[in-house]
Amino acid sequence: MRIALFVTCLVDMMRPRIGFAAIELLEAAGCEVIVPGTQTCCGQPAWNSGDHAAAAALAKKVIGEFEGHAYVVAPSGSCADHIRNEYPKILADEPEWHARAVALASRVFELTDFLVNVARLDAVPGRFAGSVTYHDSCSGLRGLGVKTQPRALLGKLPGVELREMAGAEDCCGFGGTFSVKFGDISAAIAERKCGNACATGAGTIVGGDLGCLLNIEGKLRRMGDERTRVMHIAEVLTATDGEAGAC
Amino acid sequence: MESRSHRFKANASASLANPVLQANLKTAKGKFVDKRAIAIREIDDFEGTREAAKDIRNRVLENLDLWLEKFETTAHARGATVLWAKDGAEICRHVAEIGRKHGVKKAVKSKSMLSEEAGLNLALEAAGIQPVETDLGEYILQINDNEPPSHIIAPVIHKSLDEVADLFHATHQTPRKTEIPALTREAREVLREHFLTADMGISGGNFLVAETGSVALVTNEGNGRMVTTLPRVHVVITGIEKVIPTLEDLSLLMRLLPRSATGQSISNYVSVLTGVKRPDEQDGPEHLYYILVDNGRADVVGSEFQDMLRCIRCGACMNHCPVYQTIGGHAYGWVYPGPMGSVLTPLYTGLENAIDLPHAATLCNQCGVVCPVKIPLPELLRKLREKQVDRKLRPLFERIALKAWAWVAGRPALYGMGARFAVRYLKWLAGGRASIEIMGTAPEWTAGRNFPAPEGRTFRELYAKRYNKK
Ligand code: SF4
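Computed from a predicted model, the values in this text were never measured in an experiment.

Asker: Got a sec to walk through the overall build of chain A? Specific residues and values, please.
Answerer: Helix and strand counts for chain A stand at 13 helices and eight strands. The C-alpha radius of gyration computed for chain A amounts to 18 Å, which stays within 12% of the reference 18 Å derived for 247 residues, consistent with globular compactness. Projected onto the principal axes, the alpha-carbon positions of chain A cover approximately 50 × 45 × 25 Å. Looking at the 247 residues of chain A, the share that counts as buried comes to 64%. A fraction of 77% describes how many contacts in chain A between residues 6 or more apart in sequence connect residues 24 or more apart. Accessible surface computed for chain A: about 7800 Å², of which carbon and sulfur atoms make up 52%. Charged side chains of chain A number 24 positive and 29 negative; the gap between the two group centres comes to 2 Å.

Asker: Describe the packing of helix α11 (residues 183-199) of chain A against helix α1 (residues 8-16) of chain B, with residues and values.
Answerer: Taken N-terminus to C-terminus, the directions of α11 of chain A and α1 of chain B make an angle of 35°; their axes are 9 Å apart at the nearest point. Here α11 of chain A runs over α1 of chain B; the crossing is left-handed. Two secondary-structure elements touch here, α11 of chain A through D184, I185 and A188 of chain A and α1 of chain B through F8, A12, S13 and L16 of chain B. A breakdown of the residues in the contact of α11 of chain A with α1 of chain B according to their chemical character gives five nonpolar, one polar and one charged.

Asker: Kindly report on the domain arrangement of chain A, identifying the contributing residues and their values.
Answerer: Residues and elements named next belong to chain A. Under the domain assignment used here, chain A contains domain 1 (2-117) and domain 2 (130-237). On a C-alpha basis, the centroid separation for the pair domain 1 and domain 2 is 22 Å. Across the contact, 25 residues belong to domain 1 and 20 residues belong to domain 2. The junction of domain 1 with domain 2 conceals about 1900 Å² of combined surface from both sides, 68% of it contributed by carbon and sulfur atoms. Seen at the junction of domain 1 and domain 2, the total is two salt bridges. A salt bridge links E235 to R17, with the shortest nitrogen-to-oxygen separation between them at 2.6 Å. At the junction of domain 1 with domain 2, the criterion picks out seven residue pairs in polar contact (both at pLDDT 80 or more). Elements with a contribution of two residues or more to the side of domain 1 that touches domain 2: α1 (9-13), α2 (16-28), α5 (77-90) and α7 (111-117).

Asker: How would you explain the domain arrangement of chain B if you had to name every residue and give the values?
Answerer: Interface extent is often summarised as the accessible area lost during association of the parts. You can read the domains of chain B as domain 1 (1-30 + 315-393), domain 2 (45-297) and domain 3 (396-469). Domain 2 of chain B and domain 3 of chain B are separated by 54 Å when their C-alpha centres are compared.

Asker: Report on a nonpolar patch on the surface, specifying residues and quantitative values.
Answerer: A cluster of nonpolar side chains, namely W407, L414 and M417 of chain B, defines an oily patch on the protein surface of about 320 Å² accessible area. Here L414 of chain B is to be found in helix α21 (residues 412-430).

Thresholds, definitions, all that
- Residues numbered from 1 in each chain as written.
- Chains lettered and ligands numbered in written order.
- Predicted model: local features only at pLDDT ≥ 70, side-chain atom pairs only at ≥ 80, totals over all residues.
- Heavy atoms only, no water.
- Helix = DSSP H or I, 4+ residues; strand = E, 2+ residues; numbered from the N terminus.
- Rg over C-alpha atoms; globule rule 2.2 N^0.38 Å.
- Buried < 20%, exposed > 50% of the residue type's maximum accessible area, 1.4 Å probe, protein only.
- Contact = heavy atoms within 4.5 Å.
- Areas by Shrake-Rupley, 256 points an atom, 1.4 Å probe, with all protein chains shown as cover.
- Lys, Arg positive; Asp, Glu negative; His and termini not counted.
- Charge placed at Lys NZ, Arg CZ, Asp CG, Glu CD.
- Axes fitted to C-alpha atoms, helices over the stretch in contact; angles between N-to-C directions.
- Left-handed = near helix turned anticlockwise from the far one by under 90°.
- Nonpolar A, V, L, I, M, F, W, Y, C, P; charged D, E, K, R; others polar.
- Domains from an automatic or database assignment.
- Buried area = accessible area lost by both parts, 1.4 Å probe.
- Salt bridge = Lys/Arg side-chain N within 4 Å of Asp/Glu carboxyl O.
- Polar contact = N/O pair within 3.5 Å; in protein donor to acceptor, adjacent residues only side chain to side chain.
- Patch = residues over 30% accessible without salt bridge, like charges linked within 9 Å, V, L, I, M, F, W, Y side chains within 5 Å.

Here it is in structure tokens:
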């Protein structure tokens, strides 16, 4: 099965290793992974900022780059949700593009959703051991129904102990541009998320969206917590080591 | 009520810096959320019921004028007078006029958000009518110098027991009490006197039933019954969008409203009031008036924001909102807080007067999934943002930055170069540490948290190197 990886702009810039981990997982599931070289951003920041024209231009660019592939996979619920659920709305007034957006939509998947429900990955390549708690990111959870998939994959690592936090489905306060428009509110929401995560005593906070993870990690460090690790699910599933410390 | 929504950002920062409010919000948080989660499990087909509720509300909104006419006819047939108000000022004029006509000196009120929209209490005082709020929460706010509510169904949710104890002690000149039942009893004793001496009762209306000309009131304290049956004159003030076709529809909506609001299967009191007192009846008003209010609603009918008018004012969206939970309701600056308020305030008071509100959301869609009438709140917030951009209401810098970013993102080679430069800069800024503490390019981010440092190379660079292709 040939799939195209949508790396996402945040992974490209901040955590390339998540992109490589995603490739490793997809290959472990028997996929041949193509990385279209001209990809940049899905355009979600433009759409959520109210710039319809910019959002439409970037949507068309992504559609053009990816529609030739059987499946498109992104290590982010937020970007996958945007491509699958928002592109048809963004292009609603342009019939030809709308049809292409709809045709692409059903073939776009968040990474863990794809691994579990499409590629049916048997064994994960990693050997991570330790206690983890999982943060459900909003778009993946409420937009794409990503909830059990990452947990099922974590369950394939015998050394992982999952400790659910209170309010795992609550927003972490990131919200894209919200985090820089209303920094104080955003950070206060993140503080609650960190408190809930740390209350589990888990050594690693895991999630499927880098935006949330940067927000959570940034808040933890500001709170003086240097030990709790914050990792993307793809990193955990491919890691060769265990955990460092606990909150 | 005058809007302070244009100062949202400053209001929110003040809320965050207020330790008493923060402590109170922490106590309140989750109370309604947990109860709702349990209550909705009692409904076999919750999603199907939401869908049916949405259909009922849509059916009305598609022919709102016809349903209002029908309501006017049926209400009139039962002896009520139906008046229309374009805005808050007209509500005040109508009520003052009714008061004059019937020689009213005192009006007891049960909760009405329209009264807040109109700033009715001040207008009543100016007209020589003493307004007395009888909903416990609203009463507390009234004796605290007419403080505005911070929640649509729990108006004093921002206050602690201690604060209320102090307030009662100071206002009633009674020994300070700290037990809730004792405080409630004290309020009751004060209010009873007012119920018995008032000439007018003013209430809101949760629903107007077109087939019978009735108003449905959903309350928990019983004050609504006194307000609507004891005084000679009863005035119902409610929005034009509150009409529903039948009692059957009411019963369906009532399966959702209390469960979504407070997590109760049914509220303590549900009253369906129809017409004036008839000769063979013991209770009820001799004169009944409906003031049906536009105040911005008519313009929303038929617009891309019409979905918002389905709202049945349950408050679930704010109870579940991470932003509301963090800053409370006052920061939103007008009558309606939380996600529904962030949609309604710009629509009713003007886009330019509430510029921050549509952005004051993470778009987490927690509100959208709990709304009993399936209002796509995040989508409406986003559409309002689009309207702001179209009308060039966003700050110039933001507009230019967005355009520049989108322009570059459309040019992969340039974008790649920019990204390579940016990650090196950030890596340098981190200076070997794992995260950045002060970042001049995003001061809002680093004010409250660090910014984790990037790895230092972009994925595209590393991928090209690893797979030896460009
Ligand atoms: S928008 Fe929905 S959830 Fe919010 S108050 Fe209205 S009906 Fe309730």
